[in-house]
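Summary of the model geometry
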Amino acid sequence: MFRNPSDDEVRAFLSGVRRIAVVGLSPKPDRPSFRVSRYMQAAGFSIVPVRPGVDAVLGETAYPALADVPGDVDLVDVFRRAEDVGGVVDDAIGRGARGIWIQSGIINEDAAIRARDAGLFVVMDRCLMVEHARLLG
């Protein structure tokens with residue numbers, strides 16, 4: 001069974017995060033992925049949009065897949081359907097990301113456990129923006 005980390009663990013992990021790849025980041029300002037990413041960017045994080053068919057979001061170059069993102073990624077923030085999370089987890093593990101954040105309303109227990117067992121820091125069914133504001137804001 002998967003359990004989210006404690007507040008102290010989340011706070012400590014986020015304190016070490018600098019670069020966040022956002023899988024499913026929409027270029028539409030009314031979408032949750034855009035609002036969360038804009039908040040995180042304003043809080044000082046480097047945001048890397050991962051979305052096919054888009055050149056840039058929030059002034060940052062977008063990449064069609066997580067594997068295409070150059071450089072290190074501290075955290076992968078997932079805005080995809082629950083059935084797509086397993087593939088994102090595989091990509092995050094493959095590229096050596098330190099953590100994966102599965103946004104509010106998205107639950108894939110098998111994928112979360114697989115990521116955790118591979119050594120990634122995992123949060124599921126919570127909003128990154130809400131938790132950052134609550135714990136570090």
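Definitions and limits used
- Residues numbered from 1 in each chain as written.
- Predicted model: local features only at pLDDT ≥ 70, side-chain atom pairs only at ≥ 80, totals over all residues.
- Heavy atoms only, no water.
- Buried < 20%, exposed > 50% of the residue type's maximum accessible area, 1.4 Å probe, protein only.
- Helix = DSSP H or I, 4+ residues; strand = E, 2+ residues; numbered from the N terminus.
- Pairing = 2+ DSSP bridges.
- Core = buried A, V, L, I, M, F, W, Y, C linked by side-chain atoms within 4.5 Å.
- Right-handed = clockwise from strand over helix to strand, strands pointing away.
- Axes fitted to C-alpha atoms, helices over the stretch in contact; angles between N-to-C directions.
- Parallel < 35°, antiparallel > 145°, perpendicular 65-115°, else oblique.
- Contact = heavy atoms within 4.5 Å.
- Nonpolar A, V, L, I, M, F, W, Y, C, P; charged D, E, K, R; others polar.
- Phe/Tyr/Trp six-rings, centres within 6.5 Å; stacked < 30°, edge-to-face > 60°.

On to the pairing of strand S5 (residues 75-78). Of the two faces of S5, the one carrying Leu 75 and Asp 77 and the one carrying Val 76 and Val 78 are both buried. Here strand S1 (residues 19-23) runs beside S5; their pairing, made up of four bridges, is parallel. Of the residues in S5, the one forming a bridge with Val 23 is Val 78. In this structure, S5 lies alongside strand S6 (residues 99-102), joined through four bridges in parallel fashion.

Attention shifts here to the nonpolar core. Counting 25 residues, the largest nonpolar core has Leu 66, Val 76, Val 85, Ala 92, Ile 100, Ile 102 and Val 122 as the members making the most contacts within it. When contributions to this core are tallied by element, the ones reaching two or more residues are S1, strand S2 (46-50), S5, helix H3 (85-95), S6, helix H4 (109-117) and strand S7 (121-124). By size, the runner-up hydrophobic cluster in this structure holds 24 residues, among which are Val 22, Val 36, Val 123 and Cys 127.

Here we come to the pairing of S7. Burial along S7 is two-sided: Phe 121 and Val 123 facing one way and Val 122 and Met 124 facing the other are all buried. Read from S6 through H4 to S7, the crossover connection turns out right-handed.

So, about the packing of helix H1 (residues 7-15) against helix H5 (residues 128-136). In contact at an axis separation of 10 Å, H1 and H5 are set at 100 degrees when each is read in the N-to-C sense. On the basis of their axis angle, the class for H1 and H5 is roughly perpendicular. Mapping the contact onto sequence places Asp 7, Val 10, Arg 11, Leu 14 and Ser 15 in H1 and Leu 128, His 132, Arg 134, Leu 135 and Leu 136 in H5. Of the residues belonging to the contact of H1 with H5, the class tally is five nonpolar, two polar and three charged.

Right, let's talk about the packing of aromatic side chains for a bit. As enumerated under the stated definition, the model contains one aromatic pair in all. Both rings, one in Phe 13 and one in Phe 121, keep their centres 4.2 Å apart while their planes meet at 5 degrees; by these two values the pair is stacked. Taken together, the positions of Phe 13 in helix H1 and Phe 121 in strand S7 put the pair 108 residues apart, joining distant regions of the chain. When sorted by exposure, Phe 13 lands in the same class as Phe 121, which is buried.

All right, on to unusual backbone geometry then. Its identity as a non-glycine residue notwithstanding, Leu 58 has a phi of 55 degrees, on the positive side. By secondary structure assignment, the location of Leu 58 is in the loop between strand S3 (56-57) and strand S4 (60-61). Even without being a glycine, Asp 125 presents a positive backbone phi close to 60 degrees. Here Asp 125 is to be found in the loop between S7 and H5.

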